[in-house]
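Take a look at the letters that make up each chain.
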Amino acid sequence: MAQPILLTGAAGFIGSHVAQALLARGESVVGVDNFDPFYDAALKHANLDEVRATAQATATPDSFECVAADITDAAAMHTLFERTRPKGVIHLAAKAGVRPSIADPVGYAHANITGTAVMLDLARRAGCDRIVVASSSSVYGNSPTAPFSETQDVNAPISPYAATKRACELIGHTHFHLTGMPTAMLRFFTVFGPRQRPDLAINLFLTRIAKGEPIRMFGDGSMSRDFTFVADIVSGVLAAYDHIPAHGYRIWNLGHNHPVSLADMIATIETAVGKKAIIQREPMQPGDVQRTWADLTRSQAELGYSPSTSFEEGVAKHWAWLKSRLG
Ligand SMILES: NC(=O)c1ccc[n+]([C@@H]2O[C@H](COP(=O)([O-])OP(=O)(O)OC[C@H]3O[C@@H](n4cnc5c(N)ncnc54)[C@H](O)[C@@H]3O)[C@@H](O)[C@H]2O)c1
């Protein structure tokens with residue numbers, strides 16, 4: 001196998017899509033995932049089946065393997081780096097999600113902060129030439145300045161999850177300062193599309209509306225998110241991997257720059273499914289921000305990042321995928 005890229009969180013939603021895109025362009029990929037019980041491991045194994053199918057279709061069918069291991073287990077990770085000798089790292093594994101982090105701040109800190117520190121340290125020891133790390137738009141908190149730009153102050157996260165992601169950005173900066181290893185931090189804005197995590201609103205709402213079950217709408221419907229289709233995120237991750245050596249340490253927003261309100265999001269889903277939602281109104285949840293909105297000036301200029309999937313088109317693609325699974 002050619003010198004691989006180590007991809008953490010490979011069995012997850014974004015990770016499995018990134019794995020396929022890397023394989024499709026001829027890379028070898030070593031995945032790592034601990035099949036965290038946050039959601040059904042069967043879904044993650046199904047994601048990996050898709051990745052293996054992509055590998056099989058390439059000229060080098062043995063170009064993908066996925067190891068079941070925990071990124072916080074430094075000894076296991078050390079053994080993995082020694083055995084596979086990756087040239088670079090794309091680190092997406094994390095405990096994801098704002099609301100569950102409020103009930104488990106210690107677990108989130110351990111997986112996300114300790115896990116990232118382990119990956120950075122081992123990438124240094126192994127002599128990797130770059131590392132790309134998943135951050136999140138949640139680091140912007142309830143910033144009054146929008147769209148959100150990478151240059152603005154982000155010292156007021158409002159959930160444990162957001163705080164862990166900001167901590168990773170800071171640890172990543174120290175890592176770059178001390179080692180010189182090109183280090184990219186990617187602020188993803190609410191990602192959706194096939195294989196989306198089942199806890200996230202679009203997947204959940206598509207499923208429940210299709211089944212005629214009620215959905216919970218938090219707040220008055222004006223809360224908005226800069227929903228970004230997964231294929232656009234994947235193009236940004238690969239571009240960041242390719243361009244980070246020219247930048248040293250860099251934070252990039254990967255969003256869509258077209259925020260959609262919760263009310264409009266539900267209306268789009270109703271149109272896609274062809275059914276009206278049964279809406280249960282509930283108060284805003286602690287930790288939820290009022291809006292997200294990516295300024296893409298930097299990622300467009302430096303990565304050529306240009307998301308091309310409209311929200312409506314993305315929801316239609318997501319629904320086409322989900323419908324076949326719901327039967
Ligand atoms: N989906 C989004 O909208 C979004 C937005 C912003 C940031 N992100 C970030 O993008 C990354 C991928 O998110 P996703 O939506 O694909 O989530 P996901 O939960 O589908 O994928 C994350 C994967 O990491 C694995 N994992 C968790 N803890 C681990 C550990 N200790 N060791 C090894 N593997 C572990 C999980 O089993 C999972 O398969 C995460 O870092 C997340 O915080 C996602």
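What you are looking at is a predicted structure, and each value in this text was computed from that prediction instead of being measured. (Residues numbered from 1 in each chain as written. Predicted model: local features only at pLDDT ≥ 70, side-chain atom pairs only at ≥ 80, totals over all residues.)

## A short note on the overall build of the chain
Here is the rule: Only DSSP runs of H or I reaching four residues or more are called helices, and only runs of E reaching two or more are called strands; each is numbered from the N terminus. The atom set for the radius of gyration is the C-alpha atoms, and the globule formula is 2.2 Å times the number of residues raised to the power 0.38. Note on burial: count the other C-beta atoms lying within 10 Å of the residue's C-beta; 20 or more is buried, 12 or fewer is exposed, in between is partly exposed, and C-beta positions come from the backbone. Two residues qualify as a contact pair if the distance between their C-beta atoms, derived from the backbone, is within 7 Å.
Along its length, the chain carries eleven helices and 13 strands. The C-alpha atoms of the chain give 19 Å as radius of gyration, which agrees with the globular expectation for 327 residues (20 Å, within 12%). For the C-alpha atoms alone, the extent of the chain along its principal axes is close to 55 × 45 × 40 Å. Each of the 327 residues in the chain was classed as buried or not, and the buried ones make up 47%. If you take every contact in the chain between residues at least 6 apart in sequence, the share linking residues at least 24 apart comes to 82%.

## Quick word on the sheet that holds strand β3 (residues 64–68)
Using the following cut-off: Any two strands are treated as partners once DSSP identifies two or more bridges connecting them. A fitted line through C-alpha atoms represents every axis, and for helices the fit uses only the stretch in contact; the resulting angles, taken between N-to-C directions, go from 0 to 180 degrees.
Spatial strand order, β3-β2-β1-β4-β5-β6-β11: seven strands in an open sheet with parallel pairing. Among the strands making up the open sheet, the edge pair consists of β3 and β11 (249–254). Mean inter-strand twist for the sheet, computed between neighbouring axes without regard to direction, equals 20 degrees. Inspection of the sheet shows strand β2 (residues 29–33) paired to β3 by five bridges, in the parallel sense. Looking at the pairing, D33 lines up with A68 of β3. Contacting β1 (5–8), β4 (88–91) and β5 (131–136), helix α5 (residues 105–125) crosses the sheet at an angle of about 170 degrees to β4.

## Points about the environment of A320
Along the chain, A320 falls in helix α11 (residues 311–326). In this structure A320 comes out as exposed when scored by C-beta crowding, with 11 C-beta atoms within 10 Å.

## Description of the site of the ligand
As a reminder, the rule being used: Only the C-beta atom, placed from the backbone, is used; a residue is near a molecule or strand if that atom lies within 6 Å of it. Three categories are distinguished: nonpolar for Ala, Val, Leu, Ile, Met, Phe, Trp, Tyr, Cys and Pro, charged for Asp, Glu, Lys and Arg, and polar for the others, with Gly belonging to the last.
Looking at the ligand, there are 29 residues lining it, with G9, G12, F13, A94 and A134 nearest. Contributions of two or more residues to the shell around the ligand are made by α1 (13–24), β2, α5 and β5. Along the lines of polarity and charge, the residues of the shell around the ligand split into 14 nonpolar, nine polar and six charged.

## Here we look at unusual backbone geometry
Omega for the peptide link from A146 to P147 comes to 0 degrees, which places this bond in the cis form. Along the polypeptide, P147 turns up in the loop between β5 and α6 (160–179). One non-glycine residue, R195, adopts positive backbone phi at about 75 degrees. Looking at where R195 falls in the secondary structure, it is placed in the loop between β7 (191–192) and α7 (201–210). By C-beta crowding, R195 is classed as buried, having 23 other C-beta atoms within 10 Å. You will see that N257, though not glycine, has its phi angle at about 65 degrees, which is positive. In this fold, N257 is placed in the loop between β11 and β12 (260–261).

## What to know about the packing of α1 against helix α2 (residues 41–56)
For clarity, the cut-off: Should an angle fall under 35 degrees it is taken as roughly parallel, and over 145 as roughly antiparallel, whereas 65 to 115 is taken as roughly perpendicular and any remaining angle as oblique.
Two numbers describe how α1 lies on α2: the axes approach to 9 Å, and their chain directions differ by 5 degrees. Taken together, the axes of α1 and α2 are roughly parallel relative to one another. Taken together, the residues of α2 that come into contact with α1 (itself represented by S16, A19, Q20, L23 and A24) are N47, L48, E50, V51, T54 and A55. Looking at the contact of α1 with α2 residue by residue, the classes come out as six nonpolar, four polar and one charged.

## Section: α11
Convention followed: Residue count minus one, scaled by 1.5 Å, sets the expected span of a helix. The arc in question is the one traced by the directions running from the helix axis out to the C-beta atoms.
End to end, α11 covers 22 Å across 16 residues, agreeing with the expected 22 Å (1.5 Å per residue, within 8%). Among the residues making up α11, those that are buried are F311, G314, V315, H318 and W319. Down the axis of α11, the sector holding all buried residues measures 130 degrees, keeping them to one side. Away from its buried face by more than 90 degrees, α11 exposes E313, A320 and S324. Looking at the packing, one finds that the buried side of α11 touches β7, α7, β10 (228–229), β12 and α9 (262–273). In the segment just after α11, G327 is the residue with positive phi, at about 80 degrees.

## Thoughts on the packing of α7 against α9
Two numbers describe a pair of packed helices, the interaxial angle and the distance between the axes. The criterion, for reference: Whether a crossing is left-handed or right-handed is set by the direction in which the near helix is turned from the far one by less than a right angle, anticlockwise for left-handed and clockwise for right-handed.
Running from N to C, α7 and α9 cross one another at 50 degrees; their axes reach a closest spacing of 10 Å. As the angle between them shows, α7 and α9 are arranged oblique. The way α7 lies across α9 gives a crossing that is right-handed. Mapping the contact onto sequence places I202, F205, L206, I209 and A210 in α7 and I266, I269, E270 and V273 in α9. Here the residues of the contact of α7 with α9 are counted per class, giving eight nonpolar, no polar and one charged.

## Looking at the nonpolar core
Applied cut-off: The nonpolar core criterion groups buried Ala, Val, Leu, Ile, Met, Phe, Trp, Tyr and Cys residues into a set whenever they are joined through C-beta atoms within 7 Å.
By size, the foremost hydrophobic cluster in this structure holds 89 residues, and its most contacted members are L7, V132, L186, A240 and I269. Ignoring anything within four residues of it in the chain, the contact list for A240 reads V132, A184, L186, W252 and L303.

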